[in-house]
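As a plain string of letters, each chain reads:
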Amino acid sequence: MLYKIDNKLTLLGEKEECSAPYVLILTSEEYAKKDDLCGFADVTIQPAEHARFCKAERHGGILCGTFVIPKKKSTEKKSAFSYCITEKALLFVDDSGTVSSAAKLISSDVTWKEPSVGHFMQDFFEFVIMDDLKTLETIEDKLAELEESVLEGRLDKFNHKLMLTRKVILAGSHYYSQLADLLQKFIECDIFSASEKESLSIVYERVKRLLDETRMLRELSMQLGEVYQAQIDIRQNQVMKILTIVTTVFLPLSLLVGWYGMNFKEMPELSWKYGYPAVILLSAAIVIYCMWIFKKKKFW
């Protein structure tokens with residue numbers, strides 16, 4: 001697909017010639033054919049299928065690199081694509097459909113007073129991070145739910161849920177860090193004019209705020225892990241407290257059993273007809289007394 005960057009982004013027909021500034025969007029199969037590349041015939045672009053991060057590299061008067069956008073929902077897939085930028089033109093090689101979706105949205109919603117590649121890139125970056133704040137708010141809500149479940153004592157599969165959420169936060173943190181570095185290189189590059197750099201700086205500040213938000217969520221998830229561990233420790237302490245009380249209550253009874261288990265001939269209780277019920281009553285009295293002491297001392 002070939003778009004002309006005018007007051008609006010306009011899709012050109014197959015027979016219409018390229019006129020700067022423009023945006024060319026190809027699939028990897030179309031790019032491999034090397035047909036009708038509109039000024040990018042001599043450019044070798046890096047395939048994005050094995051790309052792991054967002055980057056930008058300067059080659060003469062051309063800025064090339066890759067975008068890798070992590071999945072923001074469980075139903076989505078990670079999208080990756082390559083790009084090449086000159087002062088008057090932009091080439092995307094994308095099999096994910098992300099760039100085509102962005103171009104359609106920009107062409108229907110955006111107008112420019114100063115049409116240029118840099119101003120298109122500003123709106124493209126805006127499209128890339130469009131719903132990210134909502135995504136981060138959703139993650140924050142999940143962390144709040146996990147915190148509530150911990151404080152209420154519902155700890156089933158907590159570590160599994162927290163680990164999955166942390167993975168999403170960590171992926172977002174790396175992504176926004178790379179995006180901020182990418183924008184920084186765009187701003188420092190002499191391909192763009194002063195007004196274009198100013199527009200890109202606005203997006204750069206938004207990406208930095210998103211990065212700060214992910215770092216805050218990361219710290220919150222770590223604190224939540226500490227709260228979970230504290231709850232586990234409290235449960236273990238409760239168990240140990242109960243075991244200690246039970247052991248303390250039955251320790252005198254163990255002494256009593258050991259005492260009368262010696263079976264000496266001269267022990268009068270062995271031949272006393274009330275000896276058995278007397279020991280039962282004595283044992284019950286010891287248990288009741290110990291329980292009363294624990295209750296009085298507020299040990300439980």
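Below, the structure is looked at part by part. (Residues numbered from 1 in each chain as written. Predicted model: local features only at pLDDT ≥ 70, side-chain atom pairs only at ≥ 80, totals over all residues. Heavy atoms only, no water.)

Focus on the state of the cysteines
In plain terms, the rule: Criterion for a disulfide: a pair of cysteine sulfur atoms within 2.5 Å. Note on conventions: DSSP H or I runs of at least 4 residues are helices, E runs of at least 2 residues are strands, and numbering of each starts at the N terminus. Only protein chains enter the accessibility calculation, which uses a 1.4 Å probe. A residue is then buried if its area is under 20% of the maximum for its type, exposed if over 50%, and partly exposed in between.
Applying the stated rule across the entire model yields 1 disulfide. Between Cys64 and Cys84 runs a disulfide, and the two sulfur atoms are separated by 2.3 Å. Across the S-S bond linking Cys64 and Cys84, the dihedral sits near 85°, which makes this disulfide right-handed. Placement of Cys64 in strand β5 (residues 62-69) and of Cys84 in strand β6 (residues 79-85) is noted, with a sequence separation of 20 residues between them. Residue classification places Cys84 among the buried positions, given a relative accessible area of 0%. No disulfide involves Cys54; its sulfur sits 15 Å from that of Cys64, the nearest cysteine. On the accessibility criterion, Cys54 (6% relative accessible area) is buried. Not part of a disulfide, Cys189 finds its nearest cysteine sulfur in Cys64, a span of 11 Å.

Some remarks on the pairing of strand β4 (residues 55-59)
Under the convention used in this document: Any two strands between which DSSP finds at least two bridges are classified as paired.
Relative to β5, β4 runs antiparallel, the two being bridged by 5 bridges. The partner of Arg58 across the bridge, within β5, is Leu63. Taking the residues that link successive antiparallel strands as the turn, the β4-β5 hairpin has 2 residues, and the phi of Gly60 there is positive, at about 65°.

As for a negative patch on the surface
Operational definition: For patches, a residue must show more than 30% relative accessible area and have no salt bridge; joins then use 9 Å for like charges and 5 Å for nonpolar side chains, namely Val, Leu, Ile, Met, Phe, Trp and Tyr. Surface accessibility in these figures is a Shrake-Rupley result with a 1.4 Å probe; residues are shielded only by whichever protein chains are displayed. By convention in these notes, a salt bridge is any Lys or Arg side-chain nitrogen within 4 Å of a carboxyl oxygen on Asp or Glu. Residues counted as positive are Lys and Arg, residues counted as negative are Asp and Glu, and His and the chain ends are not counted. Charge positions are represented by NZ for Lys, CZ for Arg, CG for Asp and CD for Glu.
On the surface, Glu137, Glu140, Asp141, Glu145, Glu147 and Glu148 cluster together into a patch of negative charge. In this structure, Glu145 sits in helix α4 (residues 132-151). For Glu145, a relative accessible area of 55% translates into the label exposed.

A few points about the nonpolar core
Note the threshold: The criterion is simple. A nonpolar core is a set of buried Ala, Val, Leu, Ile, Met, Phe, Trp, Tyr and Cys residues joined through side-chain atoms within 4.5 Å.
Membership of the largest hydrophobic core comes to 58 residues, with the highest contact counts inside it found for Phe92, Phe120, Met121, Phe124 and Phe186. When residues in this core are grouped by element, the largest group, 11 residues, is from helix α5 (residues 158-188).

Notes on the sheet that holds β5
In plain terms, the rule: Helix axes are fitted only over the stretch in contact, all axes being lines through C-alpha atoms; the angle between N-to-C directions runs from 0 to 180 degrees. Should any heavy atoms of two residues lie within 4.5 Å, those residues are considered in contact.
In spatial order, the strands read β2-β1-β3-β7-β6-β5-β4; together these 7 strands make up an open sheet with mixed pairing. Only two strands of the sheet have a single partner each, and these edge strands are β2 (9-11) and β4. Within this sheet the neighbouring strands show an average axis-to-axis angle of 20°, counted without direction. As paired elements, strand β1 (residues 2-5) and strand β3 (residues 22-26) share 3 bridges and run antiparallel to each other. From the neighbouring strand, Lys4 faces β3, where its bridge partner is Tyr22. Along the sheet, helix α3 (residues 117-128) makes contact with β1, β2, β3, β5, β6 and β7 (89-94), crossing β7 at roughly 35°. Of the strands in this sheet, β4, β5 and β6 are in contact with α5, which crosses β5 at around 165°.

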